[in-house]
Amino acid sequence: MADQYKTKKKNPKIKEKDSFVIKLAGDSGDGMQLAGTLFSDVAAVLGNDLFTFPDYPAEIRAPHNTLAGVSGFQVQIGKEKIFFPGDLCDLLIAMNPASLKTNLKWVKPGGIIIVDSDTFNDKAFKKCGYQSNPLEDGSLDVYRLIKVPVSSMTRESLPRRDISAKAADRSRNMFVLGFVTYLLNQSLDTTFKFLGKKFSSKPSLLEINKSILVAGFNFADSPGQALTTYKVPKANLKKGRYRNITGNVATAWGLLAAAERSGRPLFLGSYPITPATEIMTEMAQNKALGAKTFQAEDEIAGICSAIGASYTGSLAVTTTSGPGFSLKSEAIGLAVMTELPLVIVNVQRAGPSTGMPTKSEQSDLLQALWGRNGECPAIVMAASTPANCFYYAYEAAKISMEHMTPVILLTDGYLGNGSELFRIPAISTLPEINPPRAKANDPNYRPYKRNPENLVRQWAFPGTEGLRHRVGGLEKTDIYGIVSTDPQNHQMMVQIRESKVRKVADSIPLQKIEGKETGDLLVVSWGGTEGSIRTAIRKMQNDGKNIGHAHFNHIFPLPLNTGKILGNYKKVIVCELNNGQFVKYLRSELPGINYLQYNKIQGMPFFVGELIEKFNHILETTRHDR
Amino acid sequence: MIDNRILQSETALNKEDFTNDQMVKWCPGCGSHGVLKAVENVFPQIGYKKENFVFVSGIGCSSRFPYYVNTYGIHGIHGRAMAIATGVKLSNPGLSVWIATGDGDSMAIGGNHFIHIIRRNLDVNILLFNNQIYGLTKGQYSPTTPIGSITRTSPHGTIEHPFVTAGLVLGAQGTFFARVLDSNIKMMTGVMSEAAGHDGTAVVEILQNCIIYADKTHAPITDKETKDDYQLHLKHGEPMLYGKNKEKGIQLKGTKLQGVVVGLNGVELEDILIHDQYEKNPGIHRMLGKMGPPDLPVALGVIRSAEFETYDDMVEIQLESVRELSKIKCVDELLNSGETFDIE
């Protein structure tokens, strides 16, 4: 039964679309993340580019059918490079009234809404605050509403009678997925393949899920529906092998790659925190590659164990999010003072304090730059797409080891949990990593003797003959590393540490501009906002607007050409998901430019629509200024 | 088992191999000087290559220790020595890792790391200088300051119940606990040697005198007139006898330890408890650890030295077994594992 479904459609009305945005929303136990992931994997195999973003509540299983418990998964598939999960959806799947209520504002006018009509009853309306039945009161008139009795159809589609209704309800996501598979002209065979792997050890669950998938597909194909279906043509992707990857997994893999390439074993000391935990869990999966993952008793022990491991010769990493990053501040100072390599990954979330743990924000930038006691410079960089977390994690590790300094890598919840297609590189094509290791029994070794070119000291591992030395948080003399409170020495050491970090600018790429070298408006951004901003800029450039985009991944130090780039445009606007932190930093590092700013602090990404509106408004006033 | 991984020195070492040219800046008369002497005595005896010793510390008078001994060393931040040392040992299990910490560093600001390193039974040696006071910040009470003590921050007497270090260590499932006096270098040397030989977290509590801020804080135990009645020197396999002529002994009566006089009230030598430091059940060790004046002597020497698996061993064993089973041997294979697809 499970394998029998119709591949020929009676109703072949197919509309071709360049891109399509789907959001699946249900209770946090409804399996929306699984259904969304399966859909995305299938789309990828069928050749679409894509970008996904899960939107889930902090509570693991909030009360049923309440607004607080709604879990969502959004994916945009396209025939061209997709940079973000999309502003508004073409299709919303709402598994209950609460999911509809929370997500209706994200549906395009005229978009499709599929609801599980079985869940729309007075009790449910009361629980989520609907005064009347939204399916009947005309409030959805501007959308294409498709009422599907998902719950009852799922129960009717079970392959055997000995399955409880409760167990059946857990597979409602498969009925919906079958329906969407039909709607988007995907193939069920590919979905079966993925399901088969997922449930390889649970054949009875596989049987149930397959039956229900087919039922959903066939239901969509039934004559009563007469649906218009959609097809997104294959994307023209660069030749190569691809996979779908989240930012957190890409971060872990980038670090593993750096460990392998540098020959330094990886040590990760971390404490679980949303939304950074997946980097640690991913690392723990890869012990076979020699990665030692230490789940510490707290955030401080996480970073301190990493510092100990760094002193001992490991590529040392600690991963966290905002509140944990605050706790690590003092220890980052120790790593700066001891001039040891250390990668600190902060998967930012909305703050302050506990804030909104599952929502994204870019508000830890100033803390990363300046949130420590004393003059305490550390490298700050930021990844900007889920896939490039791999490359920036790799680069963070490279800079950290080669320059003997802590590097703070900022990502965010949106990048960490979001996914996109990743073109798999060969590790041998990545740049070499050459840590400045001290040679055994080198009579000239001194703990704070430096390479005159980049001011980097050597790395001497315990156990190596002839290099015994002590490091610590107290100020030391240059070269010899003896504890010292000498006034002149302190000032010199402060300046050396600052210069050492600033000199990293010599070895990072120059800042690129999307667009012309000069123009009316330069949009400046950093970190996780690249996708939506770039999409907006491309649209405007296609419309002939004289607009450019400089997206920063290197923040401290800034690329050497930054001042020049910013000065070549009539107006500069800095867009951030915070109250204006990068702009504050640019004003101090590169004064003399009139920076405009656009800030959003809603735990949400930028929308392309709102960006275009804002930029157009500025371009209008620029014209008036003339 | 782990010690096999720490390389032995090919040549005989002596004290000078571990002394360096740094000026020792502890107060004259400070108990830390004795500890430094004991370490300089015991490191050559242990016999590891001198490059394989690492000293890690936090903050406080005692935490300056790494600067005064010629080994690899990290002087860390307040309370975090145990966490830093964890990274050192896990990163290279072939190192002999020593931690210098004080009562404030380990049991106040670093209390969390202290109990967790012990719980994991990481193979490190902790020298805990307990002078019952904050010395470097000039005389505030610590988590071990006796209740009622007048200090800078308790001008009317402390109203906090102090930790008994042994209670905390054994409560955290400690596998090795010893207590020594800073004035007894011979005892310290012997105990440190046993600590080094123990696989697992070895805590050596040093009852230390702070001549400036808490002079004679351990007085009833250390005073000439009273010390015989208040010091019980434990030796494995021997009866727990004390007193000027070893006429007194420790007896288990019901669920309590009692001090008795051998030959009095029908007490015979065989009624006296025999010390078994290797017993896995910590019951008697806990009682011994918490015992003290005015009714009973303080137990000195190795109270507990029980064999359990160490964390660092288990890390290595697990890593090895996972490596053998895994099909993925390098990052290229990881990147190409699972769901991938080719674009032509």
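This structure is a prediction, so every number in the text was calculated from the model and none was measured.

**Student:** Break down the environment of A:Lys500 for me, with residues and values.
**Tutor:** All names here are of chain A. As for its position among the elements, Lys500 is in helix H17 (residues 487-502). When the C-alpha positions of Lys500 and Glu339 are compared, they lie 10 Å apart, and in sequence the two are 161 residues distant. Beyond its immediate stretch of four places on either side in the chain, Lys500 contacts His403, Thr405, Leu455 and Val456.

**Student:** I'd love a proper account of the interface of chain B and chain A, names of residues and values included.
**Tutor:** Contacts between the two partners involve 49 residues from chain B and, on the opposite side, 56 residues from chain A. Top contributing element to the side of chain B that touches chain A by residue count: helix H3 (residues 81-91) of chain B, with 8 residues. Of the residues that constitute the side of chain B that touches chain A, the class distribution is 23 nonpolar, 19 polar and 7 charged. The pairing of strand E9 (residues 240-246) of chain A with strand E12 (residues 341-343) of chain B spans 3 bridges and is classified as antiparallel. Within the sheet, the bridge partner assigned to A:Tyr242 lies in E12(B) and is B:Phe341.

**Student:** Requested: an account of the confidence of the model for chain B, with residues and values cited.
**Tutor:** Mean pLDDT over chain B stands at 95; residues scoring 70 or higher make up 99%. Under the prediction, the complex receives an ipTM of 0.97, its pTM being 0.95.

**Student:** Talk me through the nonpolar core; I want residue IDs and the actual numbers.
**Tutor:** Grouped together as the largest cluster of nonpolar side chains are 255 residues, with contacts concentrated most on A:Leu256, A:Ile307, A:Leu409 and B:Val204. Apart from residues no more than four positions distant in its own chain, B:Val204 is found in contact with B:Asn125, B:Ile126, B:Leu127, B:Leu128, B:Ala178, B:Val180, B:Val191, B:Met192 and B:Ala195. Membership of the second largest hydrophobic core comes to 6 residues, among which are B:Ile133, B:Tyr134, B:Cys210 and B:Ala214.

**Student:** Now, about the sheet that holds strand E20 (residues 554-556) of chain A: what can you tell me, with residues and values included?
**Tutor:** What the 7 strands build is an open sheet, ordered E11-E10-E12-E13-E15-E14-E20 (chain A); its pairing is mixed. This sheet does not close on itself; its edge strands, each paired only once, are strand E11 (292-295) and E20 of chain A. Pairs of neighbouring strands in the sheet enclose a mean axial angle of 20°, with direction left out of account. In terms of strand pairing, strand E12 (residues 315-320) of chain A meets strand E13 (residues 342-348) of chain A through 4 bridges, oriented parallel. Note that in E13(A) the partner of A:Val317 across the bridge is A:Val343. Along the sheet face, helix H15 (residues 388-403) of chain A touches E12, E13, strand E14 (379-382) and strand E15 (406-412) of chain A and points at about 165° away from the line of E15(A). Across the face of the sheet, H3(B) comes into contact with strand E10 (266-270), E11 and E12 of chain A while running at roughly 150° to E10(A).

**Student:** So what's going on with unusual backbone geometry? Which residues, and what values?
**Tutor:** Cis peptide bonds are those with omega within 30 degrees of zero, and the linkage from A:Thr274 to A:Pro275 qualifies with 0°. Assignment of secondary structure puts A:Pro275 in the loop between E10 and helix H10 (277-284). Here the amide bond leading from B:Pro293 into B:Pro294 is cis, since omega sits at 5°, within 30 degrees of zero. Of note, B:Pro294 is situated in the loop between helix H10 (283-290) and strand E11 (298-305). Despite not being glycine, A:Asn185 has its phi angle at roughly 55°, a positive value. The class for A:Asn185 is partly exposed, based on 16 C-beta atoms found within 10 Å. Its identity as a non-glycine residue notwithstanding, B:Asn121 has a phi of 60°, on the positive side. Tracing the backbone through its elements, the reader meets B:Asn121 in the loop between helix H5 (111-120) and strand E4 (125-130). Looking at B:Asn121, the number of C-beta atoms within 10 Å reads 25, which means it is buried.

**Student:** Requested: an account of the sheet that holds strand E10 (residues 256-261) of chain B, with residues and values cited.
**Tutor:** Residues and elements named next belong to chain B. On the basis of which strands lie adjacent, the open sheet formed by 3 strands has the order E8-E9-E10 and antiparallel pairing. Edge positions in the sheet fall to strand E8 (241-242) and E10, since each has one partner strand and no second. Where strand E9 (residues 248-253) meets E10, 6 bridges bridge the pair, whose relative direction is antiparallel. Note on E10: the bridge partner recorded for Lys253 is Lys256.

**Student:** Break down the packing of helix H11 (residues 299-311) of chain A against helix H13 (residues 329-338) of chain A for me, citing the residues and quoting the values.
**Tutor:** Residue and element names in this part refer to chain A. Where H11 contacts H13, the two axes come as close as 9 Å, and the packing angle between them is 10°. By the angle between their axes, H11 is roughly parallel relative to H13. Viewed along their axes, H11 and H13 form a crossing whose handedness is left-handed. On H13, the residues that touch Ile300, Ile303, Cys304 and Ile307 of H11 are Ala331, Leu334 and Ala335.

Criteria and thresholds
Residues numbered from 1 in each chain as written. Chains lettered and ligands numbered in written order. Predicted model: local features only at pLDDT ≥ 70, side-chain atom pairs only at ≥ 80, totals over all residues. Helix = DSSP H or I, 4+ residues; strand = E, 2+ residues; numbered from the N terminus. Contact = placed C-beta atoms within 7 Å. Nonpolar A, V, L, I, M, F, W, Y, C, P; charged D, E, K, R; others polar. Pairing = 2+ DSSP bridges. pLDDT = per-residue confidence, 0-100. Core = buried A, V, L, I, M, F, W, Y, C linked by C-beta atoms within 7 Å. Buried ≥ 20, exposed ≤ 12 C-beta atoms within 10 Å, placed from the backbone. Axes fitted to C-alpha atoms, helices over the stretch in contact; angles between N-to-C directions. Parallel < 35°, antiparallel > 145°, perpendicular 65-115°, else oblique. Left-handed = near helix turned anticlockwise from the far one by under 90°.

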